[in-house]
Amino acid sequence: MKKALLIVSMLAITIFLSACGTDFDGSRIGNDNEFIMQYSVLNTTDMQELTVETGDTIHVNLVVKKGSLSIKIQKDGEEPIYEDNGISASNEFDVEIDESGTYTVEVTGKKAKGSVSFIVEDNQ
């Protein structure tokens, strides 16, 4: 009886710990022109490099259904051109690019559910 109780207890603990440890549950698409994620769980940081030209914009669409997000858009290790922390409401906006180059988009979620998209739009 004690052995069966021990096995059931160990199984319950294993299931509980594996459920608590999920960092990401969703889908991700990324290339030089877009970074799109949809997720039911985001408890981590993800990044994508985007190649943009002077005059382009990065169209940002954030859907926050639960939790919070932090985002940063930064060129080659320079000061970020856009940064916001603790985002808990959905938002849509454009970030104008003044200098051609490779920009890193970084998204961090804390108990987040929703989606993000960063799409390079050629405005020339």
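Our structure's up above, just so we're on the same page.
As the structure is a prediction and not an experimental result, all values here were calculated from the model. The written sequence of each chain sets the order in which its residues are numbered from 1. Local features in this predicted model are restricted to residues of pLDDT 70 or higher, and side-chain atom pairs are both shown and tallied only at a pLDDT of 80 or more, whereas totals for entire chains, interfaces and linings draw on every residue. Hydrogens and waters are ignored; side-chain quantities use all the structure's heavy atoms.

Draft legend 1. Structural view of the environment of Asn61. The secondary structure listing takes helices from DSSP runs of H or I that are at least 4 residues long and strands from runs of E that are at least 2 residues long, numbered from the N terminus. Summarising the element assignment, Asn61 is placed in strand S4 (residues 57-75). Accessibility here uses a 1.4 Å probe with only protein chains present; expressed as a share of the type maximum, an area under 20% marks a residue as buried, one over 50% as exposed, and anything in between as partly exposed. On the accessibility criterion, Asn61 (26% relative accessible area) is partly exposed. Taking the C-alpha atoms as reference points, Asn61 and Asp94, 33 residues apart in sequence, are found 8.7 Å from one another. Any two residues whose heavy atoms approach within 4.5 Å at even a single point are treated as in contact. Discounting chain neighbours no more than four positions away, the residues touching Asn61 are Asn91, Glu92, Ser115, Val116 and Ser117.

Draft legend 2. Structural detail: the pattern of salt bridges. Should a side-chain nitrogen of Lys or Arg be within 4 Å of a carboxyl oxygen of Asp or Glu, the pair is scored as a salt bridge. This model, assessed by the stated rule, comprises four salt bridges. The salt bridge partner of Asp46 is Arg28, with a shortest N-O separation of 2.6 Å. Residue Asp46 is found in strand S3 (residues 45-52), and its partner Arg28 is found in strand S1 (residues 24-30); the two are separated by 18 residues along the sequence. Note on Arg28: relative accessible area 33%, which makes it partly exposed. A salt bridge links Glu99 to Lys75; the shortest N-O distance between them is 3.2 Å. Here Glu99 is found in the loop between strand S6 (91-96) and strand S7 (101-121), whereas its partner Lys75 is found in strand S4, with 24 residues between them in sequence. For Glu99, a relative accessible area of 42% corresponds to the partly exposed category.

Draft legend 3. Spatial organisation of the nonpolar core. Core analysis: the biggest nonpolar cluster contains 24 residues, and Ile58, Val60, Leu62, Leu69, Val107 and Phe118 have the highest contact counts within it. Sequence-distant contacts of Phe118, that is, excluding residues within four places in its chain, are made with Asn33, Glu34, Phe35, Leu50, Ile58, His59, Val60, Leu62, Ile71, Ile73, Val105 and Val107. The nonpolar core is taken to be a set of buried Ala, Val, Leu, Ile, Met, Phe, Trp, Tyr and Cys residues, with the residues joined through side-chain atoms within 4.5 Å.

Draft legend 4. Spatial organisation of the side chain of Ser115. With respect to the element layout, Ser115 can be found in strand S7. Using a relative accessible area of 17% as the deciding quantity, one classes Ser115 as buried. Leave out the neighbours within four places in its chain, and Ser115 touches Met37, Gln38, Tyr39, Asn61, Leu62 and Val63.

Draft legend 5. Main features of the side chain of Thr57. Relative to the assigned elements, Thr57 resides in strand S4. With relative accessibility at 8%, the residue Thr57 sits in the buried group. When sequence neighbours within four positions are dropped, the list of residues in contact with Thr57 reads Asp94, Val95, Glu96, Ile119, Val120, Glu121 and Asn123.

Draft legend 6. Here's a closer look at the pairing of S1. DSSP-based pairing: two strands are paired if at least 2 bridges between them are found. When S1 meets strand S2 (residues 34-42), the two strands line up antiparallel, connected through seven bridges. Residue pairing across strands places Gly26 opposite Tyr39, the latter belonging to S2. Taking the residues that link successive antiparallel strands as the turn, the S1-S2 hairpin has three residues.

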